[in-house]
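Results of the structural survey
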Amino acid sequence: MRKSVEQHDSTRPTHASRAPGQPGATPRWTASAKGAVGSSPARTSRIWFTIGRGVLNEVYFPDVDKANTRNMRFLVTDGVDYFSDEERDAEHECSAVADGIFAYTVVSTCKHGRYRVTKQFVAHAIRDTLLVKVHFEPLVKDANLRLFLYLEPHLADKGAGNDAWVGQYKGLSMLFAHRAQAYLAAHATAPWKSTTCGYIGQDAYDALETTRTLTALYNDAPAGNVSLCGELDWQGSRGEFCVALAFGHSSAEAAQGARAGSLESFDRVWDRYVADWKQVQQKFAPLSVAGCTHDLYRTSTAVMTTHESARFPGAFVASLSLPWGFARGDEDTGAYHVLWPRDLCETAMGLMAAGDLDAGRRALFYLACTQSADGSWSQNMWLDGSEHWDATQMDGIAMPILLADQLRREAALSDFDAWPMIQAAATFLVRQGPASPQDRWESLAGYATFTMACEVAALLAAADFAERANDPATAAFLRATADAWNDAVDSLTYARGTALAKKHGVDGYYVRVMPPTAIGDHALHELQLHLKNHVAHAGYHPAQEVVSPDALALVRYGLRSATDPRMTATAKVIDAELRKELKTGPGWLRSTNDGYGEQADGAPFKKTGIGRCWPLLAGERGHFELAAGNTAGAAELLRVMSRQSNMCGLLPEQVWDAADISGRDLYNGRPSGSAMPLAWAHAEYVKLLRSVHDGKVWDVPPQTVQRYQVEQRVSPFEIWSEHLRRHWVTSGKSLRMDFDSATTICTQVDADPKRTSDTEAPLLGRHCVHVALPREWTSLKVSYDDADGSPHTVRLACRRAA
C-alpha cells in the first residue's frame, strides 16, 4: 500500500506530542477594516498581505483569491503577573514609505507603557515569502519581559481542518501548518526558546493569558482550528530580528522559502520592493487635488494594482478583506476576495483613468477567457472562472462591453478582436434584459435604474462594434432595442404622483428598482387606474417609495442630462432621503431602508443591519455635480472621500454615520467594519479626479449622449418578451414581441378581426414580430404556442403617454 505524503514529510516530528482540545473553537476570520495592504508589484511573488489593528492579518497565496492566515501577532508576559496581546493592548501607528508605496512600518506601543514593537512588512519580490523586521524595546527597566510569536493559520480559505506542527528543516526549528494544497512555514532569525502548537480555545494563548507562561509544549495538532506559538530569545538578538512567513505546495518548499528569506539582507529586500513600487508609480499620469489628507490618487492606484492576480494579470478582486470577518466563519469564505465582473471593470477603468491603458486590456482579456457559453459571467467567481455564487448580475454583463468600448475610444484595443466576446454578451443582454434577476446581493429582482443605464449604453457600444465587424443588421437591431429600453426607463422606473413626490414637492423621481410584478401581472381595471392617475405603474407598489443614488447612473452613462428636470427632481429626493451630514463631510446611503451595515448598537452586520454611507457614492455624486457644471462641488467631494479614508489612505466600503462608539472602533464619518479597502471606491476616486482634471465626465459613453441628449431619439415601439412581461403599450407606439424561437402569433385589437403573423429571421437569438397598433385603441389580445406546444395568451391595455 502506498503511504501518504504526510508519512514521508521530513519536517514533521519523529515522536508526536498531540495537543489537547481538538478540533478547537469555531473558526472566525478577523476584522475587515484593514490598516494596510501590500504585495510585490514584480508579480514574481505569489504573496499578498493585509495589516489590521497593528498586526498581520490575512496573507493570500498562491493568488489573490485565497486567504491562508487569520493573523500573526506578538504576546508579551513577564512570566509572573503581566500579559499583553499587542493587537488588543497596544496603540498602533501604521505608515507607508510614501503614498502609493506599499512598504509599511507599524509602531505598536503598549497602553501601559511596558514595551514598544516596531515592525516593517515587505513581500519578497521573487519568493512566496513575507518578511517582517522586528525591533522589540522594553520601556520599563528590569521588566524581564518575555516575547512570544503567535500565529493562527487559516490555510486555503478555511480555519477548520488545518494541521499544525513544530518541526525541522535542514536542522532549523520552524512552525508549520497545512491544509489542502497549501503549506505554511514560519522561521525567525532570533532563536526559539520554546515552541508549541494547539487548538484555538485551549492553546498557548490561553496558557499565557492565565499562567503567564507555557505550561505544556506540544508538537502536533492535526485537523482543527489550530495555532502555532514560539518564545523568542529577543535579548540574545538585542531586540532586532526578522520573521519569515513562507508558503508552498509542500512543507519543504515553504520551509525553504522561510530559510531563504531569513538568510537574505532585509534592507536589500526592502529597497528592491520600494524601488519596484516607485517604478509602478511612474507609469501613472500626474493628477492631484489640493486639500486632501493624503495623496489619495497615488494610494488608490497602488490599492487597485495590489488587487490584481499574478497568475492571470487582469483579474482584479473586489477587496482583500471579508466584511465583519470577526463575526464570520468558514461558511463565508470568498465574497470579496473573489472576482466580481462589475467591480473588476470598475477597477480596470480606474487604472485606465490614471493612464494605465494596458490594465484595461488585461482585464478585458481575462473576461474573454472566463465568459460562459451563453455570453454571461457569474455574479462573482474564483480566479479560474468557476462561479462562487450561483447568480447573475446584469450590469456585470454590460460593463465588459463598456470597458471594451472605452479601450477602443482610447485606441488601446489594437490587435485584440473584442467582437466575439461583445456579441455573446450583447446576446445575453437582449435575451435576458432589461430586468435583473434576483441575485445574492439585491433583495429584489426587477427594473433597476443603474442596471438599465449600463445595459442601454452597452447595447449602443456593441452596435458600433457590430458595424466595424460588417454586420449592419445586428447594429441596427441593437440600437433599436437600446432606444426601446431607454424609453422604458421612464415608464418602468419613474414614479409620479406618489406620497414621496408630494412630500418633497416634485413631480416624480426615478426609483431604485421596480419588481416585474409591478408592471406585469395586473388586471385591466388596475391599468385603467394608472391611466386615470398618471402614476408610472399600474397601481401602487411599495418599490415606488425606494430611492437610491443608483439613479444618477442615468447621467453617468449619458442617457439623461444632469439638468433634465427628472434628474434634478430625483437628486432632490435622494438628498432629502439619503444624504447625511458627517464629521468628514456629506455621505449618501445606498437606498431607502437598506439593511446592509452594522446594527444600531454597532454590532456587526449578520444577514440584517442598517445601511451606512458609502464613500464611492460621494464619488458618483461628484460626477453628477461635474456633469451639471459644478466643478467646485465635484472637487470638494474628492476631499470628502480623502477625509473618509484611514491612516494609510485606504477607502472603506462604508463609513459609520451615527454617534461614536469607541468600544467598537466606530467613529462618525470614519471607516466602519465593512470591506476596506474597496477597490471600486478607489477606482471611483481616481475616475472623479480624472474627470475634474479634464473638466468633463471622463467615462461617459458618447453614443448615449449623442443619441438621447443631442438627437433626442425615441423608439417607435415598445417590447414585450418573456423577461419583460408588460401588460400595456403606450398610445402612439407599436409593439415588438421577442421570442426564443420561431413563433406564430394571433393578435386581436379591440373587436377588430384577428390577424396572424410570423416572427422574422432571428438576430442575436431573438425571433421578433412587430404588431402595428392604431392611434386609439383599448385592449390587445395575443395568442401563441411556445416551443413545447403549450398555448399562451397575453392581454395588454393602451396606456396614455405621461
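1. Concerning the overall build of the chain
In terms of regular secondary structure, the chain is built from 19 helices and 31 strands. In terms of overall dimensions, the chain is globule-like: its C-alpha atoms have a radius of gyration of 29 Å, near the 28 Å expected for 802 residues. The long-range fraction of contacts in the chain, counting pairs at least 24 apart against all pairs at least 6 apart in sequence, stands at 70%. Element-wise, carbon and sulfur atoms account for 50% of the exposed surface of the chain, whose accessible area totals about 29,000 Å².

2. Re helix H16 (residues 615-627)
In a regular helix each residue adds 1.5 Å, so 13 residues correspond to 18 Å; H16 covers 19 Å between its end C-alpha atoms and thus fits that length. For H16, a buried count of 12 out of 13 residues is recorded, marking the element as mostly surrounded by other parts of the structure. Within H16, the full set of buried residues consists of Pro 615, Leu 616, Leu 617, Ala 618, Gly 619, Glu 620, Arg 621, Gly 622, His 623, Phe 624, Glu 625 and Leu 626. Lining the buried residues of H16 we find helix H10 (449-468), helix H14 (553-556), helix H15 (565-578), strand S23 (585-588), helix H17 (631-643) and helix H18 (679-694). Positive backbone phi, at 95°, marks Gly 629, one or two positions downstream of H16.

3. Focus on empty space enclosed by the protein
If a probe as big as a water molecule is rolled over the atoms, it shows which places are left empty. For the coordinates displayed, the defined rule picks out 3 cavities of 30 Å³ or more. Of the voids in this model, the largest cavity is the one considered here, and its volume is about 250 Å³. Lining the largest cavity are 22 residues, with Glu 346, Arg 556, Tyr 557, Lys 687 and Asp 699 positioned closest to its centre. For the lining of the largest cavity, the leading source of residues is helix H8 (residues 394-409), giving 5 residues.

4. Side note on the packing of aromatic side chains
One pass over the full model with this rule turns up 26 aromatic pairs. On the numbers, 5.5 Å between centres and 50° between planes, the contact of Phe 102 with Trp 277 is tilted. Residue Phe 102 is found in strand S7 (residues 101-110), and its partner Trp 277 is found in helix H4 (residues 266-282); the two are separated by 175 residues along the sequence. As far as the burial class goes, Phe 102 and Trp 277 line up, both buried. A ring pair is formed by Tyr 596 and Trp 614, whose centres lie 6.3 Å apart and whose planes are at 45°; its orientation type is tilted.

5. Here we look at the packing of helix H5 (residues 296-306) against helix H6 (residues 341-353)
As a packed pair, H5 and H6 sit with axes 10 Å apart at the nearest point and diverge in direction by 135°. By the angle between their axes, H5 is oblique relative to H6. In terms of crossing hand, the pair formed by H5 and H6 is left-handed. Across the interface between the two elements, Thr 301, Met 304 and Thr 305 of H5 pack against Thr 347, Gly 350 and Leu 351 of H6.

6. Section: the sheet that holds strand S15 (residues 220-224)
If you trace the 9 strands from one edge of the open sheet to the other, you get S6-S7-S8-S9-S17-S13-S12-S11-S15, paired in antiparallel fashion. A single partner strand is all that each edge strand has here, and the edge strands are strand S6 (90-98) and S15. Here the strands of the sheet are splayed against their neighbours by 20° on average, with no regard to which way each runs. In terms of strand pairing, strand S11 (residues 162-169) meets strand S12 (residues 172-179) through 7 bridges, oriented antiparallel. Residue Trp 165 lies in a different strand from S12, and its bridge partner there is Phe 176. Across the sheet, H4 is in contact with S6, S7, strand S8 (115-123), strand S9 (129-138) and strand S17 (240-248); its angle to S7 comes to roughly 130°.

7. Section: the pairing of S17
Burial within S17 is extensive, with 8 of its 9 residues counted as buried. One ladder, built from 6 bridges, connects strand S13 (residues 182-188) with S17; its direction is antiparallel. Its bridge partner lying in S17, His 187 is registered against Ala 244.

8. What about the layout of surface pockets?
What the second largest pocket holds in volume is close to 1,000 Å³. Contributing to the lining of the second largest pocket are 37 residues, with Ala 33, Arg 53, Arg 664, Asp 665 and Tyr 667 lying nearest its centre. Residue assignment for the lining of the second largest pocket shows that the elements contributing at least two residues are helix H1 (86-89) and S6. Of the residues forming the lining of the second largest pocket, the biggest block, 5 residues, is contributed by S6.

9. Some details on the pattern of salt bridges
Applying the stated criterion across every chain, the model contains 57 salt bridges. For Asp 550, the salt bridge is made with Arg 512, and the minimal N-O distance between the two is 3.4 Å. Residue Asp 550 is located in the loop between helix H13 (524-533) and H14, and its partner Arg 512 is located in the loop between strand S20 (508-510) and strand S21 (513-514); the two are separated by 38 residues in the primary sequence. Each member of the pair Asp 550 and Arg 512 is classed as buried. One salt bridge in this structure joins Asp 575 and Arg 621, with 2.7 Å as the shortest N-O distance.

10. Brief notes about the pairing of strand S16 (residues 226-232)
For S16, a buried count of 7 out of 7 residues is recorded, marking the element as mostly surrounded by other parts of the structure. Residues Val 226, Leu 228, Gly 230 and Leu 232 line one face of S16 and the alternating positions Ser 227, Cys 229 and Glu 231 line the opposite face, and both faces are buried. Summarising the sheet, strand S14 (residues 192-199) and S16 pair through 7 bridges and their orientation is antiparallel. For Tyr 199, the partnering residue across the bridge sits in S16 and is Val 226.

11. Remarks on helix H9 (residues 419-432)
In this model, H9 (14 residues) spans 20 Å end to end at C-alpha, consistent with the 20 Å of a helix rising 1.5 Å per residue. Looking only at H9, the buried set comprises Trp 419, Met 421, Ile 422, Ala 425, Ala 426, Phe 428, Leu 429 and Val 430. Tucked into the core, H9 has its buried residues touching helix H7 (357-370), H8, H10 and helix H11 (472-493).

12. Points about the sheet that holds strand S30 (residues 779-785)
Pairing is mixed in the open sheet, where 5 strands are placed in the order S25-S31-S30-S27-S28. Among the strands making up the open sheet, the edge pair consists of strand S25 (728-730) and strand S28 (755-758). Going across the sheet, the axis of each strand differs from the next one's by a mean of 30°, ignoring polarity. Sheet topology places S30 next to strand S31 (residues 791-799); 7 bridges connect them, and they run antiparallel. In the sheet register, Lys 781 faces S31, and the bridge partner there is Arg 795.

13. Some details on the confidence of the model for the chain
Mean pLDDT for the chain: 93, with 95% of residues reaching 70 or above. Low pLDDT (under 50) marks residues 1-7, which in the prediction has 4 contacts with non-local residues, meaning those over four places away or in another chain. Segment residues 520-538 is flagged for pLDDT under 50; beyond a separation of four residues in sequence, or across chains, it makes 39 contacts in the model.

14. A few points about the side chain of Arg 726
Mapped onto the fold, Arg 726 is located in the loop between strand S24 (717-720) and S25. Classification of Arg 726 by relative accessible area gives buried; the value is 1%. A polar contact of 2.8 Å, which involves the side chain of Arg 726, links it to the backbone oxygen of Ile 719.

15. Brief notes about the nonpolar core
In terms of nonpolar packing, the biggest core is built from 233 residues, with Phe 49, Leu 245, Leu 403, Tyr 557 and Tyr 685 touching the most fellow members. Broken down by element, the residue count for this core peaks at 14 residues, all from H10. If near-sequence neighbours (up to four positions away) are discounted, Tyr 685 is found in contact with Val 289, Cys 292, Leu 296, Tyr 297, Ser 300, Leu 638, Met 641 and Leu 651.

How each quantity is defined
- Position numbers for residues count from 1 along each chain, tracking the sequence in the order it is written.
- Side-chain atom pairs in this predicted model are given and counted only at pLDDT of 80 or more, local residue features only at pLDDT of at least 70, and totals for whole chains, interfaces and linings cover all residues.
- For the side-chain quantities, the full set of heavy atoms in the structure was used; hydrogens and water were omitted.
- Secondary structure elements are taken from DSSP: a helix is a run of H or I of four residues or more, a strand is a run of E of two residues or more, and numbering for both begins at the N terminus.
- Computation of the radius of gyration draws on C-alpha atoms, with the globule rule given as 2.2 Å multiplied by the number of residues to the power 0.38.
- Note on contacts: a residue pair qualifies if any of its non-hydrogen atoms lie within 4.5 Å across the two residues.
- For the accessible areas, the method is Shrake-Rupley and the probe is 1.4 Å, while residue cover comes only from the protein chains on display.
- One less than the number of residues in a helix, times 1.5 Å, gives the span that helix is expected to have.
- Buried means the residue's accessible area, taken with a 1.4 Å probe over protein chains only, is under 20% of the maximum for its type, while exposed means over 50%, and partly exposed covers the values in between.
- For each structure, a 1 Å grid was placed over the protein atoms alone; sets of points admitting a 1.4 Å probe that cannot get out are labelled cavities, open sets with protein on both sides within 12 Å along at least five of seven lines are labelled pockets, and lining residues have an atom within 4 Å of a point.
- Grid points are joined across faces, edges and corners, and a volume is the space filled by probe spheres set on the points.
- For Phe, Tyr and Trp, where Trp contributes only its six-membered ring, two rings pair if their centres lie within 6.5 Å, and the inter-plane angle classes them as stacked under 30 degrees, edge-to-face over 60, or tilted in between.
- Note on definitions: angles span 0 to 180 degrees between N-to-C directions of axes, and those axes are lines fitted to C-alpha atoms, for helices only across the stretch in contact.
- An angle below 35 degrees is read as roughly parallel, one above 145 as roughly antiparallel, one from 65 to 115 as roughly perpendicular, and any other as oblique.
- Here a crossing is taken to be left-handed if its near helix is turned anticlockwise relative to the far helix by less than a right angle, and right-handed if that turn runs clockwise.
- Here the rule is simple: two strands pair whenever DSSP picks up at least two bridges between them.
- Within this document, salt bridges are pairs made up of a side-chain nitrogen of Lys or Arg and a carboxyl oxygen of Asp or Glu, the two lying within 4 Å of each other.
- Per residue, pLDDT measures the predictor's confidence, with a range of 0 to 100.
- Throughout this description, a polar contact denotes any pair of N or O atoms lying within 3.5 Å of each other; where both atoms belong to protein, one of them has to be capable of donating a hydrogen while the other can accept it, and for residues adjacent in sequence the pair is counted only when both atoms sit in side chains.
- Think of a nonpolar core as a cluster: buried Ala, Val, Leu, Ile, Met, Phe, Trp, Tyr and Cys residues, connected wherever their side-chain atoms sit within 4.5 Å.

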